Amino acid sequence: MTAFEGTAGNPGAANVFRPLRDKTKSGTTPVKFPRTARLLKHADFRRVYEQGRRHFSANLTAFYLAQPEAAGPRIGFTVSRALGDAVDRNRLKRRLREATREAWNGFSSAVDVVVNPKKTLLKTEFAGVVEEMRKALAVVEKQVECGAANRRSAENVAKDSRGKGSTRKVQG
């Protein structure tokens, strides 16, 4: 009997041939980023957007914030609904994750990075996406090393946030 026959009575048998993502390889780097290398909480993303710096390129924008107390770099991806339907957004995220895996080697700064793709990323050759990600990570690392990736001052944050949000008056 193979693992595909008679699995109804044995629920664990269906998982026998499912590959373990942690042990598979894509090139020389592990396929899945460990949890310690990913931004997972909304508060972390928000902190990077509000207090961090930005790097703009043709197909993506990288937001970054130095985290001296962190053990290593962490990365997150955000893809807005304006970039397309679910299929397109998922394709963008898969392309970004794979490009990041290839460009990640040697990147060791203690920094949080959030990557926002642009619609043009869907049409860009993958080699171009990888090269652009390498350049973005190199810029971020250089900024962290020279101390320019420090948090923006509260004055600058307040200046950037003026005019955003609701203009609703408080009645009272």
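See the structure printed just above.
Definitions and limits used
Residues numbered from 1 in each chain as written. Predicted model: local features only at pLDDT ≥ 70, side-chain atom pairs only at ≥ 80, totals over all residues. Heavy atoms only, no water. Helix = DSSP H or I, 4+ residues; strand = E, 2+ residues; numbered from the N terminus. Buried < 20%, exposed > 50% of the residue type's maximum accessible area, 1.4 Å probe, protein only. Contact = heavy atoms within 4.5 Å. Pairing = 2+ DSSP bridges. Right-handed = clockwise from strand over helix to strand, strands pointing away.

A. Examining the overall build of the protein chain more closely. Scanning the protein chain from terminus to terminus reveals four helices and six strands. Shown N-terminal to C-terminal, the secondary structure of the protein chain runs as helices and strands in the order β-β-α-β-β-β-α-β-α-α. When each of the 172 residues of the protein chain is scored for burial, the buried share is 37%. Look at the contacts in the protein chain between residues 6 or more apart in sequence, and 78% of them connect residues 24 or more apart.

B. Here's a closer look at the pairing of strand β5 (residues 74-77). When β5 meets strand β6 (residues 111-117), the two strands line up parallel, connected through four bridges. Residue pairing for β6: Gly76 is matched across the bridge by Val114. Taken together, β5, helix α2 (residues 86-103) and β6 form a β-α-β motif whose crossover is left-handed.

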